[in-house]
Amino acid sequence: MFDNETPWAPSQRYPDPRFRAFEPVFHGFRAMNGTVEKLAGGCRWAEGPVWLGDQRALLWSDIPNNRILRWDEETGQVTPFRRPANFANGNTRDRQGRLVTCEHLGRRVTRTEYDGGITVLADRYQGRRLNSPNDVVVRSDGSIWFTDPSFGLGGYIEGEKAEAELPHGVYRIDGQSGAVTLLTDEMEGPNGLAFSPDEKTLYIVESRAEPRRILAFDVTAEGGIANRRVAVQCAPGETPDGFRLDMQGNLWCGWGMGSAELDGVRVFSPGGTALGHIDLPERCANVCFGGRHRNRLFMAASRSIYSVLLNVQGAPGG
């Protein structure tokens, strides 16, 4: 049911030749007996992977099919977690383990409670409806940070066609009061976002810049952002989407589009140097770290989900 026609054969060789090092340090990120595995297929656009450690399961959004799917590590089975899912996009967990989801159709950010109930965390700013929340992360103080471009309003494939009421924005939901604060509306298509391991830096993909780029901001003591700068400047045709950081502050970015050699995951140092690439047969939209020690990278790539064991650990909170 969830397989598709994407050609795939796992490597029979160690180390996996799908790891391409641009800098020598990248060789150390690769587990010698780790190989890229395909876990599931049959999606239209896989996005927003999140690891549920207590369930040993991965959730992800299949946006055009309006569902969230679940892969079970013990059985390998893929089953629907939520359908319909309000054209869910990005997912994460808060520090109490509850699922936090960006919904295109609802134009909102929600939390799934332990009993399965849905709590709306944000759907408006200053009385106007949000556009189509895209990606979300939770800081250790309980605050929830999300991007809100208008991608879900452009048609009927990943939402409902409608007029935007707000400019593209990045927002923060206070972890105590629930107050929604606009952090910036001076970005073209804010998309994936993630914190550095010490939470002092926030990275955001500006996905409608030409060419695309990943911006970095200092996180202020008051919970705002300052000192905007370019962390990664992409070449024309390169398309970072969602990403996560490891404990050393390296960025593991969904990548692709333009040519087959771009498809996969591109890894950058905190200083923006391209360190290496994991080749996939499809453009990768987003990633997350999971497993008992957060050393398994899960990759949501167009129609499929892939994973690989690494010699690095993902930063908490993704």
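Just above, that's the structure.
Conventions adopted
- Residues numbered from 1 in each chain as written.
- Predicted model: local features only at pLDDT ≥ 70, side-chain atom pairs only at ≥ 80, totals over all residues.
- Heavy atoms only, no water.
- Core = buried A, V, L, I, M, F, W, Y, C linked by side-chain atoms within 4.5 Å.
- Buried < 20%, exposed > 50% of the residue type's maximum accessible area, 1.4 Å probe, protein only.
- Helix = DSSP H or I, 4+ residues; strand = E, 2+ residues; numbered from the N terminus.
- Phe/Tyr/Trp six-rings, centres within 6.5 Å; stacked < 30°, edge-to-face > 60°.
- Lys NZ or Arg CZ within 6 Å of the ring centre and 35° of its normal.
- Pairing = 2+ DSSP bridges.
- Axes fitted to C-alpha atoms, helices over the stretch in contact; angles between N-to-C directions.
- Contact = heavy atoms within 4.5 Å.
- Polar contact = N/O pair within 3.5 Å; in protein donor to acceptor, adjacent residues only side chain to side chain.
- Salt bridge = Lys/Arg side-chain N within 4 Å of Asp/Glu carboxyl O.
- 1 Å grid on protein atoms, 1.4 Å probe; cavity = no way out; pocket = protein on both sides within 12 Å on 5 of 7 lines; lining within 4 Å.
- Points joined across faces, edges and corners; volume = space filled by probe spheres on them.
- Nonpolar A, V, L, I, M, F, W, Y, C, P; charged D, E, K, R; others polar.

**A word on the nonpolar core**
- Formed by 20 residues in total, the largest nonpolar core has its most connected members in W252, V265, I278, L297 and M299.
- It is strand β26 (residues 296–301) that provides the largest number of residues to this core, a total of 3 residues.
- With 15 residues, the next largest nonpolar core counts V205, L245, W255 and L262 among its residues.

**What to know about the packing of aromatic side chains**
- According to the stated counting rule, one finds 11 aromatic pairs in the structure shown.
- Measuring from ring centre to ring centre gives 5.4 Å for W255 and F268, while their planes differ by 50°; the resulting arrangement is tilted. Separated by 13 residues along the polypeptide, W255 in strand β22 (residues 251–255) and F268 in strand β23 (residues 264–268) bring together distant segments of the chain. For the pair formed by W255 and F268, the shared burial category is buried.
- Through pairs of rings, three or more aromatic residues link up here, namely F19, F26, F29, W252 and F289.
- Geometry around F195 places R139 over its ring, the cationic atom sitting 5.9 Å from the centre.

**So, the sheet that holds strand β6 (residues 78–82)**
- The 4 strands lie next to each other as β3-β4-β5-β6, forming an open sheet whose pairing is antiparallel. One side of each edge strand has no neighbouring strand; the edge strands of this open sheet are β3 (46–52) and β6. Within this sheet the neighbouring strands show an average axis-to-axis angle of 30°, counted without direction.
- The sheet contact formed by β3 and strand β4 (residues 57–62) spans 5 bridges and is antiparallel. Residue pairing in the sheet places W51 in a bridge with L58 of β4.

**A look at the environment of T220**
- In this fold, T220 is placed in the loop between β19 (213–219) and β20 (225–233).
- Along the chain, T220 and K200 lie 20 residues apart, while their C-alpha atoms are 7.7 Å from each other.
- Leave out the neighbours within four places in its chain, and T220 touches I225 and A226.
- Here G224 takes part through its backbone nitrogen, which lies 2.8 Å from a polar atom of the side chain of T220.

**Quick notes on the pattern of salt bridges**
- Under the criterion given, the structure shown has 22 salt bridges.
- Residue R296 is joined to E73 by a salt bridge in which the shortest nitrogen-to-oxygen separation is 3.4 Å. One end of the pair, R296, is in strand β26; the other, E73, is in the loop between β5 (67–72) and β6, with 223 residues separating them in the sequence.
- For D174, the salt bridge is made with R172, and the minimal N-O distance between the two is 3.5 Å.

**Focus: the sheet that holds strand β9 (residues 108–112)**
- Pairing is antiparallel across the open sheet formed by 4 strands, whose spatial order is β7-β8-β9-β10. The sheet is open, and its two borders are formed by β7 (88–93) and β10 (118–122), each paired with just one other strand. Taken over all neighbouring pairs, the strand axes of this sheet differ in orientation by 30° on average, direction set aside.
- Bridge count between strand β8 (residues 99–103) and β9: 5 bridges; the pairing is antiparallel. When the bridges of β9 are listed, T101 appears paired with T110.

**Some words on the layout of surface pockets**
- Of the pockets and cavities examined, the second largest pocket occupies roughly 230 Å³.
- Contributing to the lining of the second largest pocket are 14 residues, with W45, F151, N191, R208 and D241 lying nearest its centre.
- Tallied by class, residues from the lining of the second largest pocket come to 4 nonpolar, 4 polar and 6 charged.

**Focus on unusual backbone geometry**
- In this chain, R83 is followed by P84 through a cis amide linkage whose omega measures 0°.
- Between E210 and the following residue, P211, the backbone shows a cis peptide bond with an omega angle of -10°.
- For P211, the position within the fold is in the loop between β18 (201–206) and β19.
- Of note in this structure, N86 is not a glycine but carries a positive phi near 55°.
- Along the chain, N86 turns up in the loop between β6 and β7.
- With relative accessibility at 24%, the residue N86 sits in the partly exposed group.
- Phi angles above zero are rare outside glycine, and F87 is one such case at about 50°.
- Relative to the helices and strands, F87 resides in the loop between β6 and β7.
- Exposure remark for F87: the relative accessible area of 11% places this residue in the buried category.

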